[in-house]
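So you can see what is in the structure, the chains are spelled out below.
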Amino acid sequence: MQQFWVFVRKEFYHIFRDKKSLLIIFALPIAQMLIFGFALTNEIKNTQIGVLDNANDEASLILIAQLEASKYFEISNTFTNPDEIDAAFKADKIKLAIVIPPNFKSELAHNNSARIQLLADATDPNTATTLEVYASAVIRDYQNTINNNFKLPYSISTEIRMLYNPQLKGAYLFVPGVMGMILLLISAMMTSISIVREKELNTMEIILASPLKPMVLILSKAVPYMVISLINVSTILLISVTLLDLPINGSIWLVFGVCFLFITTALSLGLMISNITDSQQTAMFISLMGLMLPTLILSGFMFPIENMPVPMQILSNIVPTKWFFIIIKDVMIKGLGFSSVWREILILAGMTAFFLIISWKKFKMRLA
Amino acid sequence: MTDKVIITENLTKKFGDFTAVDGISFHVNKGEIFGFLGANGAGKTTAMKMLIGIWEPTSGKAEVAGYDIYRDMENIKKSIGYMSQRFSLYEDIPVIENIRFFGGIYGLSRAEIKEKSAALLHKLNLTAESKTLVSALPLGWKQKLAFSLAIIHQPKIVFLDEPTGGVDPITRRKFWELIYDAANEGVTVFVTTHYMDEAEYCDRISIMVDGRIAALDTPAALKKQFNAENIDQIFTHLARGAKRTAD
């Protein structure tokens, strides 16, 4: 026991002595939460748009007023000829342009139909699609108000409810994502680096020649980062509840339990990496390329897995963060309990056991 | 109780096709300073690492402190101390924390660590420096500290792998005084070196060439046997026949 405590004490000395690693460990989660929460939002709000009103009649003015009134848009440019639209797009002044044809009101009145052109900047296809949908909705609203004067023979209306995330907040997606990323980064990368560093410094030889049991060595390396990771989970949850208004709908103990499991997964991955390499730089590189990149691409956090080609979808199953992401999303946001996510938990636990066995076997071989 | 604390018989280590240590047989007596000489790449570090349990031998037998290296490594590890080529202290933590750590992993209790660290700091004149980072210490002091930590748990045998590498002659001389102190307290010292003047300080020496032991005896007897004035001449004579080049 004394062996374990002196070792853990030494690990914390390393961590607190190095201001850079301290910064990565404690400031990075907060920074990421704030960046994702407030800067990198893909919600549409007050987007600058331009209008070319060729009609300038009663109907077109009402429509423009309604666009202006919506919280999604802000009319920054009013054009008088089509060439100006092109220039405004190229100068990046607007993301969307609306062209209203001449005689808009009389076409509506006499032909019962009119055409409005929407031009969107599709360099960012997601934003373009969203803007188009929102603008069409505003136009449809206007159409409904004038239709009120007549009774349509048939009409089907849709009643939409956005379940679990009624305000369509991006935070619901990125909080579990950031959590997965941070836990992986700290537990896997920092652990592998701290073990490999002992090899680089040759202190590993002394440790291996000492009566210290390999199990104690591994536990002493893992426990400090486990503690730090759990502190980070608390910080992330605290920020998401207080600053981002994202409540934890499910059991907080289940959330912590799953985080504990995922930290163990990450630690066993870190142990595996430290078995492969003897240099800190390689360990860092493998952690970033081998763990962070698949997490970003294949966990479903940035890109929906259902939209990927089938081989990628199959590949995504071996990324542990994918399962963590699913469980946390279900528990935190949908408020589901253990009975609904036990399959995913089992998969994650199985992966962890697999990694632990492999790295333990390899570690024993290194001792031989 | 045997007087031989290390016994090897045909001890061999192969890395793929390369035979690093080629069937060496020797013994080390209790309480002696045993010099393990050889050019770089001759296999002395590999041989030592088999004895301290870092590498498993390919074949052959060996006993350390009366325990078999295949079956009883745990007991061996409790009986030995080891200092590696690069002193291997934690540079970014204070002297006292290094003492605590190594005392702890060698299995000392909290009370023992407290008592030993005070005595050790006093002996090395480092009491005022106990909170200094190891990185701020001069090389000679680091080396003394590393050695003192390797014997903090009073092992039966201490293994020193080129302990004086890169240090000036005066500091080396002072370091050897520490080794003599330890030997006088009954610790058997197994030391590898490639400084031939240091070989004269040893009770007995072996000279390894190409993974084999080419000569083994007291320095005086070897000089007589090879009709040489000093160990350096013997070494040069033996090393001339070496096929391996230094790595």
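Residues numbered from 1 in each chain as written. Chains lettered and ligands numbered in written order. Predicted model: local features only at pLDDT ≥ 70, side-chain atom pairs only at ≥ 80, totals over all residues.

A. Broad picture of the overall build of chain B. Looking only at helices and strands, chain B has nine helices and ten strands in total. Here the C-alpha atoms of chain B give a radius of gyration of 18 Å, agreeing with the 18 Å that 2.2 N^0.38 yields for 247 residues. Referenced to the eigenvectors of the C-alpha coordinate spread, the extents of chain B come out at roughly 50 × 40 × 35 Å. In chain B, of all internal contacts separated by at least 6 residues, the share reaching a separation of at least 24 is 70%. (Helix = DSSP H or I, 4+ residues; strand = E, 2+ residues; numbered from the N terminus. Rg over C-alpha atoms; globule rule 2.2 N^0.38 Å. Contact = placed C-beta atoms within 7 Å.)

B. Region of interest: the interface of chain B and chain A. Contacts between the two partners involve 24 residues from chain B, matched on the other side by 21 residues from chain A. No other element matches the five residues that helix α3 (residues 95–105) of chain B contributes to the side of chain B that touches chain A. Residues belonging to the side of chain B that touches chain A are distributed by class as follows: nine nonpolar, six polar and nine charged. (Nonpolar A, V, L, I, M, F, W, Y, C, P; charged D, E, K, R; others polar.)

C. Summary view of the sheet that holds strand β4 (residues 117–120) of chain A. Residues and elements named next belong to chain A. Taking strand neighbours across the sheet as the criterion, the four strands line up as β2-β1-β3-β4 in an open arrangement whose pairing is mixed. Lying at the two open borders of the sheet, with one neighbouring strand each, are β2 (73–79) and β4. Between one strand axis and the next, the sheet turns through 25° on average, direction left out of account. Sheet analysis places strand β3 (residues 96–100) next to β4, joined by four bridges and oriented antiparallel. Bridging from a neighbouring strand, Ile 98 pairs with Leu 118 of β4. Here helix α3 (residues 58–69) sits on the sheet in contact with β1 (47–53), β2 and β3, set at roughly 140° to β2. (Pairing = 2+ DSSP bridges. Axes fitted to C-alpha atoms, helices over the stretch in contact; angles between N-to-C directions.)

D. Spotlight on the pairing of strand β1 (residues 4–15) of chain B. Residues and elements named next belong to chain B. Sheet topology note: the β1/strand β2 (residues 18–29) ladder contains eight bridges and is antiparallel. Opposite Lys 4, over in β2, you have Asn 29 as the bridge partner. Linking two consecutive strands that pair antiparallel, namely β1 and β2, is a turn of two residues; a positive phi of about 65° is found at Gly 16 within it.

E. Structural detail: the nonpolar core. Among the nonpolar cores identified, the biggest contains 134 residues, and B:Leu51, B:Val158, B:Phe159 and B:Val189 are the most heavily contacted of them. In terms of residue count, the dominant contributor to this core is helix α7 (residues 171–200) of chain A (17 residues). When neighbours within four sequence positions are excluded, B:Leu51 is seen to be in contact with B:Ile6, B:Ala62, B:Val64, B:Ile69 and B:Phe159. Residues A:Val51, A:Ala55, A:Ala88 and A:Leu131 belong to the second largest nonpolar core, which totals 20 residues. (Core = buried A, V, L, I, M, F, W, Y, C linked by C-beta atoms within 7 Å. Buried ≥ 20, exposed ≤ 12 C-beta atoms within 10 Å, placed from the backbone.)

F. Fine view of the sheet that holds strand β4 (residues 59–64) of chain B. All names here are of chain B. With antiparallel pairing, four strands are arranged side by side in an open sheet as β2-β1-β4-β5. Each edge of the open sheet carries a strand with a single partner, namely β2 and β5 (67–68). Across two bridges, the pairing between β4 and β5 is antiparallel. Paired with Val 64 across the bridge in β5 is Tyr 67. Contacting β1, β2 and β4, helix α1 (residues 44–51) runs over the sheet at an angle of about 120° to β1.

G. Unusual backbone geometry, seen in detail. All names here are of chain B. The backbone of Ala 65 shows a phi angle near 55°, a positive value even though the residue is not glycine. Along the polypeptide, Ala 65 turns up in the loop between β4 and β5. Using a count of 19 C-beta atoms within 10 Å as the deciding quantity, one classes Ala 65 as partly exposed. Phi is positive for Gln 154, which is not a glycine, with a value near 50°.

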